[in-house]
Amino acid sequence: MIRVRKEADHTLHFLVTVDLDRGRTETLTIGQMSSLGQIAKEIGGVSEHLSRDLDVAKEQVAALIAAAPIETATAVEYGGWKDREAYIGPNLRRGRGWDRYVWGGTVSPSAILAAGTFWGWRREVAALCAESSYLAFVQLAALAGPVLHWADLPEGAVFHLAGKSSTGKTTTARVAASFDGPPDSHANWHQSDRRTGENAAIRCDRAYILNAAEKAKREDLRAVLSSITHGLVEGGSKRYAAAVKATLPDLRIRSPILSNGNRSGAEMARIAGLPWDEQEAARFITIPVPPREEGGIVDRPKGSEPGYAADLIARLEVGMKRHHGRALGRWLDHVWAHRGRVNALIEEFVETVQPADAYHGRIARKFGLIYATGTIAVGTGFLPWKAGLPLSVVRRLYRRALAALQEGCPVEALVALREALLDPAVFPDIGAAKELVLDDDRVAGFRFSRAEGEFVAIRQEKLSAVLGKTTEPAVLIGALEEAGVIEGGHGARRGKQLHVRLISRANRCIVTKPRCLVIKADALAAFVEAAGRGRRSDEDAIVVA
């Protein structure tokens, strides 16, 4: 028996651990104002060690109380950092002054269902994440859970990966979850506003992971999206009147939030009927995911053979199944040792990316948290990555997030597209022919004709070369989709298979049915004209409708 003060309401209790034999125990929390008889009855309800005679049992309880330490410990029901000195969780105490705390909350399955070893997870999961900016980023976001407490950020950080199905988004959620639990221990969007807050509070100072927003019903989407942008990011849940706080107490939230879905935050807000402006966009940061044709999340592969991305994800799944939930305690030791570096590293990232204004700076600092986490993790050897990888992946996804914030398509990208369309070396006209010989590496698509008229086919994997550094291909494709000029593919896919053979003499490769963005030539010309004619160096004006 020990004396405790509950963290939530500061009430005094006895914490009694009862031996149930065969290594099993049960913990009882009993108010210190209870009588000896009441305490004896509660303990006797689960223990065979107390006498059945109430008077004798009361004497036994009195002896237990007399033997209990005089000092009062703090009983913790929600894990995380306490008073900037100790990290407390189920079966986990780190930092300084940890002996002044005891765990008094429930133990979630993810806290005890671990498998394999830390070194196995490091080798078979973390190491493979280096082949994907997205996997590396979410891995760092998971590690950023206990780092966030030491960062001077005015609000929390939410990162939402948005892209089409079958691009690997669910794998990112599973990888992030494997850091401190089973890979399927992430949450989903099918929950109420209150449940969202409670789940986030349980994961205080750990990443809160939400998977597959597209599966949520409209009412759930509205509740969760509103809860995140106007509650969790600010560090709390919905506030309730004093009359109901006994059953719905205020919650403390301090978690980086990872999410994924087929739609951006702005698109989900439109579906849910919620307002969405710069405030929400800076809190719920959307990061576009490349389409499957470009490898999806696997954008840094070591291999180039067909099916490499799918094989990498398959290997990750095997690794996560064998090794998960063994890394948090070891990582907390590094966080405690390097907590004083966090804010300097955040500022280092901001200086590197040079945000254009205060609004972009607000977003940059959140990405800076992930960079700081990665720098510490790699520098201490916790992650087996090269030293430059954290900066590379965080800067890349930061730029993609900024590109996704832009309304419409930047004029510079339209200029680049117009120039490419006018260049027969980049978009050769094959007429009604059924094959195209790729003699020039610059070929990004082709013009062709059929009974319905003239068309342009754009090879998505070549758009980056066309656009250069003007914008991300996803931004231009999104603008084309918004304008409704792209012909739909089979099964609502954005690409369409064409009965044209692409022949590369250089590597003796033949693609028989390439999947391209297919657009009517006159519709594409009208789009470029209406969205912004742009200018060459010798032109006088930019016209944007």
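Only a predicted model underlies this, so the values are computations on that prediction, with no experimental measurement involved.

**Student:** Just to check I follow, could you spell out the overall build of the chain for this structure?
**Tutor:** Of regular secondary structure, the chain possesses 19 helices and 20 strands. Dimensions along the principal axes, computed over C-alpha positions, put the chain at roughly 100 × 45 × 40 Å. Counting the 545 residues in the chain, one finds 51% classified as buried. Summarising the internal contacts of the chain: among those between residues at least 6 apart in sequence, 68% fall at separations of at least 24. The average position of the 73 basic charges and that of the 65 acidic charges among the side chains of the chain differ by 3 Å.

**Student:** Any chance you could explain the packing of aromatic side chains here in plain terms?
**Tutor:** The relative placement of two aromatic rings is captured by the distance of their centres and the angle of their planes. In the structure shown here, the tally under the stated rule is 20 aromatic pairs. Centre to centre, the rings of Trp121 and Phe382 are 6.1 Å apart; their planes meet at 55°, and the pair counts as tilted. Linking Trp121 in helix α4 (residues 118-126) with Phe382 in the loop between α14 (358-379) and α15 (389-405), this pair joins segments that are 261 residues apart in sequence. The pair Trp121 / Phe382 is uniform in exposure class, with both members buried.

**Student:** Looking at this structure, I do not really get the packing of helix α5 (residues 133-143) against α15. What am I missing?
**Tutor:** Think of two packed helices as two axes; the pair is described by the angle between the axes and how far apart they sit. α15 packs onto α5 with a crossing angle of 100° between their chain directions and a minimal axis gap of 9 Å. It follows from the interaxial angle that α5 and α15 lie roughly perpendicular. Residues Ser133, Tyr134, Ala136, Phe137 and Leu140 of α5 form the contact with α15, whose participating residues are Pro390, Val393, Val394, Arg396, Leu397 and Arg400. Considering only residue class, the contact of α5 with α15 consists of eight nonpolar, one polar and two charged.

**Student:** What am I meant to see in the sheet that holds strand β2 (residues 12-19) here?
**Tutor:** Note: strands within a sheet are paired through backbone hydrogen bonds, in either parallel or antiparallel orientation. The strand order β3-β2-β1-β4-β8 describes an open sheet built from five strands, whose pairing is mixed. Across the chains shown, the open sheet's two edge strands, defined by having one partner strand only, are β3 (25-31) and β8 (101-103). Here the strands of the sheet are splayed against their neighbours by 40° on average, with no regard to which way each runs. Direction of pairing for strand β4 (residues 72-76) relative to β8: parallel, over a ladder of three bridges. Note that in β8 the partner of Thr74 across the bridge is Tyr101. Here helix α1 (residues 36-44) sits on the sheet in contact with β2 and β3, set at roughly 160° to β3.

**Student:** What is the right way to read the environment of Thr380 from this model?
**Tutor:** With respect to the helices and strands, the residue Thr380 is situated in the loop between α14 and α15. Judged by its relative accessible area of 25%, Thr380 falls in the partly exposed class. Along the chain, Thr380 and Thr72 lie 308 residues apart, while their C-alpha atoms are 36 Å from each other. For Thr380, the contacting residues outside a window of four places in its chain are His334 and His338.

**Student:** What is the right way to look at the sheet that holds strand β18 (residues 501-504) in this model?
**Tutor:** Here we have three strands laid out as an open sheet, ordered β14-β18-β19, and mixed in their pairing. What marks the edges here is a single partner per strand, and that holds for β14 (435-437) and β19 (509-511). Neighbouring strand axes in the sheet, compared pairwise and without regard to direction, differ in orientation by 15° on average. Looking at chain direction, β18 and β19 are connected through three bridges and run antiparallel.

Rules and cut-offs
Residues numbered from 1 in each chain as written. Predicted model: local features only at pLDDT ≥ 70, side-chain atom pairs only at ≥ 80, totals over all residues. Heavy atoms only, no water. Helix = DSSP H or I, 4+ residues; strand = E, 2+ residues; numbered from the N terminus. Buried < 20%, exposed > 50% of the residue type's maximum accessible area, 1.4 Å probe, protein only. Contact = heavy atoms within 4.5 Å. Lys, Arg positive; Asp, Glu negative; His and termini not counted. Charge placed at Lys NZ, Arg CZ, Asp CG, Glu CD. Phe/Tyr/Trp six-rings, centres within 6.5 Å; stacked < 30°, edge-to-face > 60°. Axes fitted to C-alpha atoms, helices over the stretch in contact; angles between N-to-C directions. Parallel < 35°, antiparallel > 145°, perpendicular 65-115°, else oblique. Nonpolar A, V, L, I, M, F, W, Y, C, P; charged D, E, K, R; others polar. Pairing = 2+ DSSP bridges.

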